[in-house]
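Structural features, examined
These are the residues of each chain, in order.
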Amino acid sequence: MADHGYVHKLKTGKPGNPILFVLHGTGGDENQFFGFGAELLPEATIVSPRGDVSEYGAARFFRRTGEGVYDMADLARATGKMANFVKTLAAEHQASEIIGLGYSNGANILANVLIEEGVFDKAVLMHPLIPFRPKDNPALEGRKILITAGERDPICPAPLTQALADYFTTQKANVELEWHSGGHDIRQNEIAAIGRFLKG
């Protein structure tokens, strides 16, 4: 489906159930976490958009000028577009709760939507990288956020992951942090933590 601005896959739950948006990493697509999302929340509406930016053929949600160097104008464009996409579909499906799960580049756009617009009631950020100090947003108070990360992640250095967690804590969000000893890979303890978080 290509309506509302993104090519996406959709599994419709009943009106009044939660809606879960799953956002792929660089080079992934709308299939990367679609099945995972449906397993995590079988009753929910699952929406999996494909990034609308191509980096040498790899799909992403916003442009960058180098590893860890963001095109801030395009990040702003993408953040507004994603926020509208999420709000429109959540309203269409009469969602009781708006939940986001993103990995790598998908986690970054999800984090920035949270920072700028709030929108999500619960969010899972897998290996996010926000290489700037975000602005304060009092609307984040009470929102539930899980960050999962690798202690030796070469793409998302651990101190920047911790800084993002600290930022959300300062905004009075309810933050959980799940580490593993590896790099940018997704490990079993992350998957277990996500399952616990979404059922909680």
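This one's a predicted model, so the numbers in the text were calculated from it and none came from an experiment.

A closer look at helix α2 (residues 72-92)
Between its first and last C-alpha atoms α2 spans 30 Å; for 21 residues at 1.5 Å apiece the expected length is 30 Å, and the two agree. By the burial criterion, the buried members of α2 are Asp74, Leu75, Ala78, Thr79, Met82, Ala83, Phe85, Val86, Leu89 and Ala90. In a view along the axis of α2, the buried residues occupy a sector of 165°, so they form one face of it. When the buried face of α2 is taken as reference, the exposed residues oriented beyond 90 degrees from it are Ala73, Ala76 and Ala91. N-capping of α2 is provided by Asp71, with a side-chain oxygen placed 3.2 Å from the backbone N of Ala73. Of the residues flanking the end of α2, it is Gln94, one or two places downstream, whose phi is positive at about 50°.

Observations concerning the layout of surface pockets
Reported here for the largest pocket is a volume of approximately 180 Å³. Along the wall of the largest pocket there are 16 residues; nearest its centre are Thr26, Arg64, Glu67, Ser104 and Ile155.

Overview of the pairing of strand β3 (residues 45-49)
The buried count for β3 comes to 5 of 5 residues, which makes it a mostly enclosed element. Residues Thr45, Val47 and Pro49 point to one face of β3 and Ile46 and Ser48 to the other, with burial holding for every one of them. As judged from the 3 bridges shared by strand β2 (residues 19-23) and β3, these two strands associate in the parallel manner. Directly across from Phe21, in β3, lies its bridge partner Val47.

Examining the UniProt feature "domain: Dienelactone hydrolase" (unreviewed entry) in the chain
The positions UniProt marks with the feature "domain: Dienelactone hydrolase" (unreviewed entry) are residues 81-182. The span residues 81-182 shows a helical share of 37% and a strand share of 25%, and its end C-alpha atoms are spaced 33 Å apart.

Points about the nonpolar core
One recurring pattern in soluble globular proteins is that nonpolar side chains are buried together. If you look at the biggest cluster of nonpolar residues, it comprises 39 residues, and the most contacted ones within it are Phe21, Met82, Phe120, Leu125 and Phe168. Sorting the residues of this core by element identifies β2, α2, α3 (105-117), β9 (122-126), β10 (144-150) and α4 (158-170) as the ones contributing at least two each. A per-element tally of this core places α2 first, with 8 residues. Counting 19 residues, the second largest nonpolar core, distinct from the first, contains Leu20, Val22, Phe34 and Met126.

Side note on the packing of aromatic side chains
Counted under the stated rule, the structure contains 8 aromatic pairs. Judged by centre distance (6.2 Å) and plane angle (85°), the rings of Phe21 and Phe120 are edge-to-face. Within this pair, whereas Phe21 is found in strand β2, its partner Phe120 is found in the loop between α3 and β9, the two being separated by 99 residues in sequence. The exposure class assigned to Phe21 is buried, which follows from its relative accessible area of 0%. In this structure Phe120 comes out as buried when scored by relative accessible area, which is 1%. Grouping aromatic residues by their ring pairs yields a cluster made of Tyr6, Phe21, Phe61, Phe85 and Phe120.

Cut-offs and rules
- Residues numbered from 1 in each chain as written.
- Predicted model: local features only at pLDDT ≥ 70, side-chain atom pairs only at ≥ 80, totals over all residues.
- Heavy atoms only, no water.
- Helix = DSSP H or I, 4+ residues; strand = E, 2+ residues; numbered from the N terminus.
- Expected span 1.5 Å × (residues − 1).
- Buried < 20%, exposed > 50% of the residue type's maximum accessible area, 1.4 Å probe, protein only.
- Arc of directions from axis to C-beta.
- Polar contact = N/O pair within 3.5 Å; in protein donor to acceptor, adjacent residues only side chain to side chain.
- 1 Å grid on protein atoms, 1.4 Å probe; cavity = no way out; pocket = protein on both sides within 12 Å on 5 of 7 lines; lining within 4 Å.
- Points joined across faces, edges and corners; volume = space filled by probe spheres on them.
- Pairing = 2+ DSSP bridges.
- UniProt positions renumbered as here; feature names shortened; annotations may be inferred.
- Core = buried A, V, L, I, M, F, W, Y, C linked by side-chain atoms within 4.5 Å.
- Phe/Tyr/Trp six-rings, centres within 6.5 Å; stacked < 30°, edge-to-face > 60°.

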